[in-house]
Amino acid sequence: MNKEIEQRIAELREKYKELPPEKKAEWEHHIKKRNFLNYKKIELIKSELLRLEARRAQLELCDKEKELGLIEKKISYKKEKLLRCLGKQLNQ
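Residue positions are given per chain, counting from 1 as you read along its sequence in written order. Two thresholds apply to this predicted model, a pLDDT of at least 70 for residue-level local features and 80 or more for giving and counting side-chain atom pairs, whereas whole-chain, interface and lining totals are computed over all residues. The basis for the side-chain values is all heavy atoms of the structure; hydrogens and waters are excluded.

Trainee: Is there a simple way to explain unusual backbone geometry in this structure?
Mentor: A negative phi angle is the norm for most residues apart from glycine, just as the trans form is the norm for most peptide bonds. We note that Asp 63 has phi near 60°; this positive angle belongs to a residue other than glycine. Secondary structure is summarised from DSSP: a helix means a run of H or I of at least four residues, a strand means a run of E of at least two, and numbering begins at the N terminus for each. Looking at the secondary structure, you find Asp 63 in the loop between helix 3 (36-62) and helix 4 (65-91).

Structure (structure tokens):
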């Protein structure tokens, strides 16, 4: 499951890199305008992912394998949740 999520994220990154900045801004504006609460939900998930990634880096330095596994599960869950939210918004 983790490989599938990582593959989908890589595909989205490639598509996103190809888009011009105007199109990226248009998508963000569209999501924000269409449903502000979902936009805030997406932003919250992104900030939680950033926090979890920082925590994972700390645990890797401390060699705490048990906690590292838990954090990685949380990260994959949040990434999947983010993909679902973005998919819903872009398909509307």
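Trainee: Hey, could you run me through the packing of aromatic side chains in this one?
Mentor: The geometry of an aromatic ring pair comes down to the distance between the two centres and the angle between the two planes. Pairs were defined over the aromatic rings of Phe, Tyr and Trp, the Trp ring being its six-membered one, requiring ring centres within 6.5 Å. Orientation was assigned from the angle between planes: stacked under 30 degrees, edge-to-face over 60, tilted for the rest. All told, the structure shown has 1 aromatic pair when counted by the stated rule. Considering the side-chain rings of Phe 36 and Tyr 39, the 6.2 Å spacing of their centres and the 35° angle between planes classify their relative orientation as tilted. Remark: Tyr 39 and Phe 36 occur in helix 3; sequence separation between them is 3 residues, near one turn of the helix. For Phe 36, a relative accessible area of 43% gives the class partly exposed. When a residue's accessible area, from a 1.4 Å probe over protein chains only, is under 20% of the maximum for its type it is buried; when over 50% it is exposed; and in between it is partly exposed.

Trainee: Help me understand the environment of Cys 85 in this model?
Mentor: Within the element layout of this structure, Cys 85 appears in helix 4. When its relative accessible area of 12% is taken as the criterion, Cys 85 is described as buried. In this structure the C-alpha to C-alpha distance between Cys 85 and Leu 68, which are 17 residues apart in sequence, comes to 26 Å. Throughout, a residue-residue contact means that at least one pair of heavy atoms, one from each residue, lies within 4.5 Å. With sequence-adjacent residues up to four places away left out, Cys 85 is seen in contact with Lys 41, Ile 42 and Ile 45.

Trainee: Before we go on, may I ask you to explain the packing of helix 2 (residues 21-34) against helix 3 in this structure?
Mentor: The geometry of a pair of packed helices is captured by two quantities: the angle between their axes and the separation between those axes. Fitted lines through C-alpha atoms serve as axes, helices being fitted only where they are in contact, and the angles separating the N-to-C directions of these axes extend from 0 to 180 degrees. In contact at an axis separation of 5 Å, helix 2 and helix 3 are set at 120° when each is read in the N-to-C sense. Comparing their axes, helix 3 and helix 2 come out oblique. Note on element contacts: helix 3 touches helix 2 through Phe 36, Tyr 39 and Ile 42, opposite Glu 28, Ile 31, Lys 32 and Arg 34. Ten residue types, Ala, Val, Leu, Ile, Met, Phe, Trp, Tyr, Cys and Pro, are classed as nonpolar, four, Asp, Glu, Lys and Arg, as charged, and the remainder, Gly among them, as polar. Considering only residue class, the contact of helix 2 with helix 3 consists of 4 nonpolar, no polar and 3 charged. Relative orientations are named as follows: roughly parallel for angles under 35 degrees, roughly antiparallel for angles over 145 degrees, roughly perpendicular for angles from 65 to 115 degrees, and oblique for any other angle.

Trainee: When you look at the pattern of salt bridges in this model, what are you seeing that I'm missing?
Mentor: It is possible for side chains bearing opposite charge to pair when their charged atoms get close. A side-chain nitrogen of Lys or Arg and a carboxyl oxygen of Asp or Glu constitute a salt bridge if their distance falls within 4 Å. The tally for this structure, following the rule as stated, stands at 5 salt bridges. In this structure, the salt-bridge partner of Lys 46 is Glu 43, at a minimum N-O distance of 3.1 Å. Here Glu 43 and Lys 46 lie together in helix 3, a separation of 3 residues that amounts to about one turn. Assessed through its relative accessible area of 27%, Glu 43 is described here as partly exposed. One salt bridge in this structure joins Glu 53 and Lys 79, with 3.8 Å as the shortest N-O distance. Placement of the pair is Glu 53 in helix 3 and Lys 79 in helix 4, with a sequence separation of 26 residues. On the accessibility criterion, Lys 79 (13% relative accessible area) is buried. Taken together, the shared-partner salt bridges connect Glu 53, Arg 56 and Lys 79 into one network.

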